[in-house]
Amino acid sequence: MADSYPMSRLLAVLGPTNTGKTHLALERLMAHASGMIGFPLRLLARENYERVAAAKGADQVALITGEERILPARARYFVCTVESMPLDREVDFLAVDEIQLAGDPERGHIFTHRILNARGRGETMFLGAATMRGLLARLVKGVAIESRPRFSLLRHAGPAKLLRLPARSAVVAFSAGEVYGLAELIRRAKGGAAVVLGALSPRTRNAQVALYQAGEVDYLVATDAIGMGLNMDIDHAAFAALAKFDGRGPRALTAAELAQIAGRAGRHMNDGSFGTTADCPPLADDIARAIEEHVFPPVKAVYWRNGDLRFSSIETLIHDLDRPPPAPGLLPARLADDRLVLEALARDPEIRPLAQGTQRVRLLWEVCQIPDFRKIMAEEHARLLGQIYRRLAQSPHRLADEWLDEQIRRLDRVEGDIDTLSGRIAHIRTWTYVTHRADWVADPAHWQATSRAVEDRLSDALHERLTQRFVDRRAAILARWQKEGDEQADAEIHDTQVRIGGALVGRLEGFHFAAEGAQGHRELRSLSAAAERALRAEMAARLARLRADDLTTLMPDAEGRVLWQGESVGRLAPGPDILTPAVRLVGGELLSVAQRDDVQRRFEDGVAGWVARGLAPLIALRDADLMGGPRGLAYQLVEGLGAIEARPAAGLVKALTESERQALARLGVRLGTESLFLPALLKPAHQRIRLLLWAAGQGRAVPTPPRFDRVAPPLGDLEPEAWRAIGYRPLATHAIRVDVLEKLAVLVRRQAQAEAAALAGEGAAGLGLSAVALAEARTMLGKQKSAKPAKSAKAAAAGDSPFAILKQRRTAPP
């Protein structure tokens, strides 16, 4: 492609955005044996440096900006910012990008200087807007001008509400506050936006652009910083304002300036559109038409400042800087920051004596050209530059390592909000610029690496803060899925956490998905719908595992929750009978009705197996081939979960034949005087199961269990029916385990017999038996750790103790 262009000494390639001008210039650069190109932004210089280095080799290509220098010894190609172009080097090809910036009041004189003075030996190329055609022809004799059409169409779409803008839109405002406010609104409604401001470091800006380019967010909110060569996949540009503060006051943007920004929409062959937000005044018809047709008033004059400077004295330097323009079409430049600082330092009584002689005055001017990245008050910037100059003007004419380390180290802190970090980045950029002056520091490579490392850390922290504030990754994912319909998404599950696209959306326990952090019913519904699509494969896999599982490990926990593979899948609920509880499935909203029914049946089968294993004697009793009275007693024992009071069943017990008693005994049933029960079910493990089944049968929460290692615990808050269900008999203030109660009943009978014998004249024997009986009762009731031994046999048998109450219910035999 490069060979098709004649070797014209001066060529201007003019046209709107998206015409391939930069691509052409890079092709021409690399077609020569050596070359140099100047870009308006450090970011663009870095981006294109990487392209040229990839093609020609890193050892052949230099990058020169105010804050970064990569200068191989054999470098033949120089990619620079316009301000940093080393014009003392001769190259075969030289190009300057965005020459219409010569009309910028702040930087215009630098571009004008390059237009008038920078030349390549074989070819010079100027790139910019068509508005420069006439003036360029007058200022640069013999320049050939080539016009290039835009690759794609740019259409005016009119105003639209901010939250109705299409995806892949860039919203443009002209202050950091406006950018942040718009980004916050978009985050709430659309999931987030990347932000691009001129004050961001290139590293932060690149990270934000990458966030947008990768599709993690569909919106970009930016200042006019996006108008200079940032190539992004933008379909629509929406202006939230049509005026900006230009350093001196607010002014309306020109049609050409608006077009430079709007032209970011539509790249290569893809058409783009532009318009305004509803809160911004609409574009006038003639301006919109001019942007669509790329027809703007020509630039009639550009800014100029004398570059042929003498350094014999400060007065001579100022005189040369203020020299009037030498030709029509050239306007005197505004008093730039470097000029204002020079004037301020010239009045400093400490600096003026140091600035004597050509070398010292030249040094003063070089120090004054350190950019004010912080955009602070001129006096404060001048004060900092004064400190630097005083140190450089005196022996050893370098910045001391200790002082430089102190300045950089106090900025190496990543805590703080967006504004704080932005301020530190701006400040460290000053020191990055300073360290790239090899004659100002003792070890340039070390200090360049140090300041760059600090800038990188601060930039990464700022990107993180911007993303935290203006990007809701989960909401962005939901918005994207709503747009993409049923497209399958990837879900990552760690423990119970569910992440989609790296964002935590909820928890999956068993078959229940619980959304986390949803704000409002609408977001909850969207989140659940997205999770349903993302978890389809996982749900299918869990169903397959459940069908293949023998469920021998399934069991309820102490609260009645059914656990499968360590996760809660349901809760015990009333079933057909006390030994067959139902399982109320937890969640299951991601399953179909048929799948939910299948899962519930599987879990109920698993619970039935758990009951059969845990209460095997009771299951055997239920299923035994019994008839008549034994059958009736078995039914009551099953309903009582293995224990019933003897009195209500006394008639059935009395009617039992010896063989029927033996049949019940073989099934583990003990027919006591106080209770009928299965002794095998009085161990703590069985009692826990009995308590869970009782609570499930009642449809109630599982009560706090007592200490099952106690034979006569205090009643506490557990209600009487619950005590009976787990094999205890509530008596007065205590509950007595039914097997211990039978032993107590024997002792009571002995006591009653002893008292009757005493009354009949058998004295000593009866009292002896009574003391033994009471001692045994005290021992029995004293097995629990908290029980205190009775002070005497009489005290143990007195009052409302279980022993006394049981005694009152008995009459001594005749």
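Quick caveat: nothing in here was measured; it's all calculated off a predicted structure.

Draft legend 1. Structural context of the pattern of salt bridges. Going through the model one piece at a time under the given rule, you end up with 49 salt bridges. Residue Glu-146 is joined to Arg-148 by a salt bridge in which the shortest nitrogen-to-oxygen separation is 3.3 Å. Salt-bridge contacts for Asp-709 lead to Arg-707; the nearest nitrogen and oxygen are separated by 2.8 Å. Here Arg-707 falls in the partly exposed class, since its relative accessible area comes to 39%. Taken together, the shared-partner salt bridges in this structure form one network comprising Glu-645, Glu-674, Glu-721, Arg-724 and Arg-729.

Draft legend 2. Layout of the packing of helix H1 (residues 21-31) against helix H2 (residues 42-56). Two elements in contact, H1 and H2, have axes whose closest approach is 11 Å; the angle formed by their N-to-C orientations is 40°. In the packing of H1 onto H2, the handedness of the crossing is right-handed. From H1, Thr-22, His-23, Leu-26, Leu-29 and Met-30 reach across to H2, where they touch Asn-48, Arg-51, Val-52, Ala-55 and Lys-56. When its residues are assigned to classes, the contact of H1 with H2 shows five nonpolar, three polar and two charged.

Draft legend 3. Highlighting helix H18 (residues 536-548). Taking 1.5 Å of rise per residue, 13 residues should cover 18 Å, and H18 covers 19 Å from first to last C-alpha, within 8% of that figure. Regarding H18, the residues found buried are Met-539, Arg-542, Leu-543 and Leu-546. For H18, the buried positions fall inside an angular range of 100° around the axis, keeping them on one side. Looking at H18, the residues exposed on the side facing more than 90 degrees away from the buried face are Ala-537 and Ala-548. In this structure, the buried side of H18 is in contact with strand S19 (491-494), strand S21 (503-509), strand S24 (561-564), strand S25 (567-577) and helix H19 (593-614).

Draft legend 4. Structural view of the pairing of strand S12 (residues 219-222). Here S12 shows two buried faces, one formed by Tyr-219 and Val-221 and the other by Leu-220 and Ala-222. Relative to S12, strand S10 (residues 169-172) runs parallel, the two being bridged by four bridges. The residue of S12 that forms the bridge with Val-171 is Val-221. Sheet analysis places strand S11 (residues 194-196) next to S12, joined by three bridges and oriented parallel. When the bridges of S12 are listed, Val-195 appears paired with Val-221.

Draft legend 5. Summary view of the environment of Asp-286. Examined against the element boundaries, Asp-286 turns out to sit in helix H8 (residues 285-293). Linking Asp-286 and Ala-255, residues 31 residues apart in sequence, is a C-alpha distance of 9.2 Å.

Draft legend 6. The packing of helix H11 (residues 358-368) against helix H12 (residues 378-393), seen in detail. Contact geometry of H11 with H12 gives a least axis separation of 10 Å together with a crossing angle of 150°. Taken as a pair, H11 and H12 cross one another with a handedness that is right-handed. Across the interface between the two elements, Arg-360, Leu-363, Leu-364, Val-367 and Cys-368 from H11 touch Leu-385, Ile-388, Tyr-389, Leu-392 and Ala-393 from H12. Within the contact of H11 with H12, the residues separate by chemical class into nine nonpolar, no polar and one charged.

Draft legend 7. Spotlight on the packing of aromatic side chains. Considering all chains together, one arrives at six aromatic pairs under this definition. Here Phe-511 and Trp-564 contribute two aromatic rings whose centre-to-centre distance is 5.9 Å and whose plane-to-plane angle is 10°, an arrangement assigned as stacked. With Phe-511 in the loop between S21 and strand S22 (512-515) and Trp-564 in strand S24, the pair connects residues that are 53 residues apart, well separated along the chain. The ring of Tyr-212 carries Arg-168 above its face, with NZ or CZ at 3.8 Å from the centroid.

Draft legend 8. Up close: unusual backbone geometry. In this model, Ser-395 is joined to Pro-396 through a cis peptide bond whose omega is 10°. Looking at the element boundaries, Pro-396 is found in the loop between H12 and helix H13 (401-409). Not every positive phi belongs to a glycine, and Leu-641 is a case in point at roughly 60°. Along the polypeptide, Leu-641 turns up in the loop between helix H21 (628-639) and strand S27 (643-645). According to the relative accessible area criterion, Leu-641 is buried, its value standing at 1%.

Conventions we followed
- Residues numbered from 1 in each chain as written.
- Predicted model: local features only at pLDDT ≥ 70, side-chain atom pairs only at ≥ 80, totals over all residues.
- Heavy atoms only, no water.
- Salt bridge = Lys/Arg side-chain N within 4 Å of Asp/Glu carboxyl O.
- Buried < 20%, exposed > 50% of the residue type's maximum accessible area, 1.4 Å probe, protein only.
- Axes fitted to C-alpha atoms, helices over the stretch in contact; angles between N-to-C directions.
- Helix = DSSP H or I, 4+ residues; strand = E, 2+ residues; numbered from the N terminus.
- Left-handed = near helix turned anticlockwise from the far one by under 90°.
- Contact = heavy atoms within 4.5 Å.
- Nonpolar A, V, L, I, M, F, W, Y, C, P; charged D, E, K, R; others polar.
- Expected span 1.5 Å × (residues − 1).
- Arc of directions from axis to C-beta.
- Pairing = 2+ DSSP bridges.
- Phe/Tyr/Trp six-rings, centres within 6.5 Å; stacked < 30°, edge-to-face > 60°.
- Lys NZ or Arg CZ within 6 Å of the ring centre and 35° of its normal.

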